[in-house]
Amino acid sequence: MRRLHGLARMVRRRVTGSLSAKLTLFYATLIAAIVVATLGAAKTGISDYAERMIRGEMVSGAAVFDRVTTMRYAQLGDAGRVLAADFGFRTAAATGDGPTIASALDSLRARLRLDQAIFVSVDGRVDGFRGPLSRADATALREALEAGRTTGILAIGDRRFNATAAEIRAPVTIGWVVFANALDAREIERLSRLSSIDLSPRIVPAANLSALERSGKVVERHVDGEDLLVQASPLATFGQGRPQMLVLQYSVTRAMADYAPILWLLAACGLGGIAVAMIGSWLLARRITRPIATLDAAARRVAQGEYAQVAVTTRDELGTLAQSFNRMVHDVGERERQITHMALHDGLTGLANRALLRERLTALLARPTPGRRHALFCLDLDNFKVVNDTLGHPTGDALLCEIAGRLGDVAGDGFVARLGGDEFAIVVDDAHRSHARFARDLIRAVAEPCVVNGHRIVSGTSVGIAILGPDGQDATTLAKNADLALYRAKHEGRGGFRFFEAAMDAEAQRRRQMELDLHDALEHGHLSLMFQPLFNLSEARISAFEALLRWNHPQRGLISPVDFIPLAEETGLIVPIGAWVIREACRIARDWPEHVRVAVNVSPVQFRNPGLAAVILQALAESGLAPQRLELEITESLFIENPETTLASLHSLRNLGVRVALDDFGTGYSSLSYLRAFPFDKIKIDRSFIIDLLNSDGATAIIKSITTLAEALGMETTAEGVEHADQLDILRAQGCSHIQGYYFSKPIMDSEIAALMANDRTASGKTAVASDDRMRGRSAVA
């Protein structure tokens, strides 16, 4: 049983998993259903036909039987009437001449081949009957004759006769002549031959039949597993109370058996048709599924990444499907190639991108070329952002394409990639030139002036170099080290190149750690402010304190702002740190005298942050410091990139009520145009001019020109880095209004400000000369 179940499951899997098997089974089942339906219809039709035929034969047989008996009754009746009319016979009957009667009857019986020829007298005497005749039968016969019966079935004992009677009159009725033939088996056999089929006729007393059968209808009967059709017809009889009926019957089962060969022939033809249909269906299914299997195999190959096409051998739907499949594979392949190209190449320049560079480096590291050293060159363009900001991104993109072409020309058979933005990378070996010479060629090629979109642009670049193998065994390390070398090259001055050194990595690690520490410093309170006073020469008193940021590292101690401020600007930490400085400076300055301001340096990165105004407003609101007591110091470098935007931002800050000072004035980016465009409250003269005051007459002239210009524009001037009394004298003589420097005071803690302000007697209105003396003395103390 288990094996049968297993075999059934296997067949079911094969059928359900095979289109050929499904089609074959479908068509075989369809043809089988048609054959079964045909056989059923044929059998039903044959059965109906046979039944109709049998019914017809029964009707015909009954009519023939009736006609034959009628004819026989007529013949017997004519012979009987002739004898009854014969004078001699009537005389013998009237006189009771038995021998004459018997002789006449014997003569006619022999001549007409009758079974019975008898004479019945009115008194019941019967002459000439052959065989036993009971008194009851004689009496019944006489009574039937007296009742006028002339034809019908005459039952005597267990025998039946077709009998006719003729009345003998002289002139009254003196008897009857009765002629009869026996209805025995032979006669029934003769009657049955009158129909085309054997209807098995028999004479049955009506009392032996059911009411339905006596009605004369054809009745179906089931006897001993056989279906029969039975029809009973009434017969004329002698005597009352004993009606007889002719019963015809025929077996439908036997009739259908005659058609069985036809049905079996049809069944055999059906089975043959089913077999032919199965074979044809299987061949057709194979023809249909073979191209599908080919398509399936091709689809599997495509799924595995292969390029597969199928042969188109027909023009039907399968051929169209094959053509569509080939087109689909071609289109998919084309799209995959496009996607792969897009995934591995830069969309603007067409150069390889970072992913393809990584693959290239990995391949070269895996299979190094003997006798050659490959190197990774990383470079970017100097001031490319300025090109985008001033000339627009379309020009910037065109410049990148121009530079990409130049790099390709210089690299020759080298590998050139664009890493993003204005960053490029090149992988070359030293087969034709040294890496240093190649780097110089790169710098020189990029520095060549070019005309892009009608603009003449002179670009520059710095190059970082990492040697494959010694400087890294994987693409990631090589790219990192080349970037470190590039960073060092840019840090040391643009337009140069540097090879990677192990110390660069250590420096990068140190710098990375400083970034983390600086982030923690803001959260853990390691930052603090010191304040350096600014002295008003005309009022001879402290007018402001400049807030100076300090970082007291838990392990490294005090770190110079020169070291961590650039780092904060590069990492963006300068924004939250600068906000903290503004809030802290305002908080501390609120306790100072109202005439004392606090000056806060604003980094260019912080200045460009759109949230600066909100930070200032929040700091002023939280501290309650008057806006005019906050002085923001910006540098001239802000005007380099976008002067219009810078001026707009300065006006926005000025609208807050705060003061704006220009720091480090004269360090190289000074432009009188933005001094005229924006009314700074103060100009801070860079310390480099103050240092030269005692050694150069030209420095004094510059100071004079600056103070004159500031006075004309209504701006204060502050000289930074004043360390000697002689410098103070010169500055005072040249009209400088404020000084700042160690001569007066170095930066102090906020806790020392109160003491310094308490001793600042210049605030009480004494002369500037006296204050100078005190300043010197105070400076000595500080």
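For the structure, see preceding data.
Residues numbered from 1 in each chain as written. Predicted model: local features only at pLDDT ≥ 70, side-chain atom pairs only at ≥ 80, totals over all residues. Heavy atoms only, no water.

## Looking at unusual backbone geometry
Here's step 1: The peptide bond linking alanine 170 to proline 171 adopts the cis configuration, its omega dihedral lying at -20°.
Here's step 2: Looking at where proline 171 falls in the secondary structure, it is placed in the loop between β4 (159-169) and β5 (173-182).
Here's step 3: One non-glycine residue, aspartate 224, adopts positive backbone phi at about 55°.
Here's step 4: Here aspartate 224 lies in the loop between β7 (219-223) and β8 (226-235).
Here's step 5: Unlike most non-glycine residues, asparagine 383 shows phi in positive territory, near 55°.
Here's step 6: Relative to the helices and strands, asparagine 383 is located in the loop between β10 (374-381) and α11 (384-391).
Here's step 7: Overall, asparagine 383 belongs to the partly exposed group, its relative accessible area being 49%. (Helix = DSSP H or I, 4+ residues; strand = E, 2+ residues; numbered from the N terminus. Buried < 20%, exposed > 50% of the residue type's maximum accessible area, 1.4 Å probe, protein only.)

## Some thoughts on the side chain of arginine 498
Here's step 1: In this structure, arginine 498 sits in strand β16 (residues 497-499).
Here's step 2: Of the residues examined, arginine 498 reaches a relative accessible area of 17% and is grouped as buried.
Here's step 3: Only 2.4 Å separates the side chain of arginine 498 from the side chain of glutamate 492, close enough to count as a polar contact.
Here's step 4: When residues no more than four places from it in sequence are discounted, the contact partners of arginine 498 are Val463, Gly464, Ile465, Ala485, Arg488, Ala489, Glu492 and Met504. (Polar contact = N/O pair within 3.5 Å; in protein donor to acceptor, adjacent residues only side chain to side chain. Contact = heavy atoms within 4.5 Å.)

## Focus: a nonpolar patch on the surface
Here's step 1: On the surface, Phe26, Tyr27, Leu30, Ile34 and Leu284 cluster together into a nonpolar patch covering about 450 Å² of accessible area.
Here's step 2: When residues in the nonpolar patch are grouped by element, the largest group, 4 residues, is from helix α2 (residues 19-85).
Here's step 3: Tracing the sequence through the fold places leucine 284 in helix α8 (residues 252-303).
Here's step 4: In this structure leucine 284 comes out as partly exposed when scored by relative accessible area, which is 41%. (Patch = residues over 30% accessible without salt bridge, like charges linked within 9 Å, V, L, I, M, F, W, Y side chains within 5 Å. Areas by Shrake-Rupley, 256 points an atom, 1.4 Å probe, with all protein chains shown as cover. Salt bridge = Lys/Arg side-chain N within 4 Å of Asp/Glu carboxyl O.)

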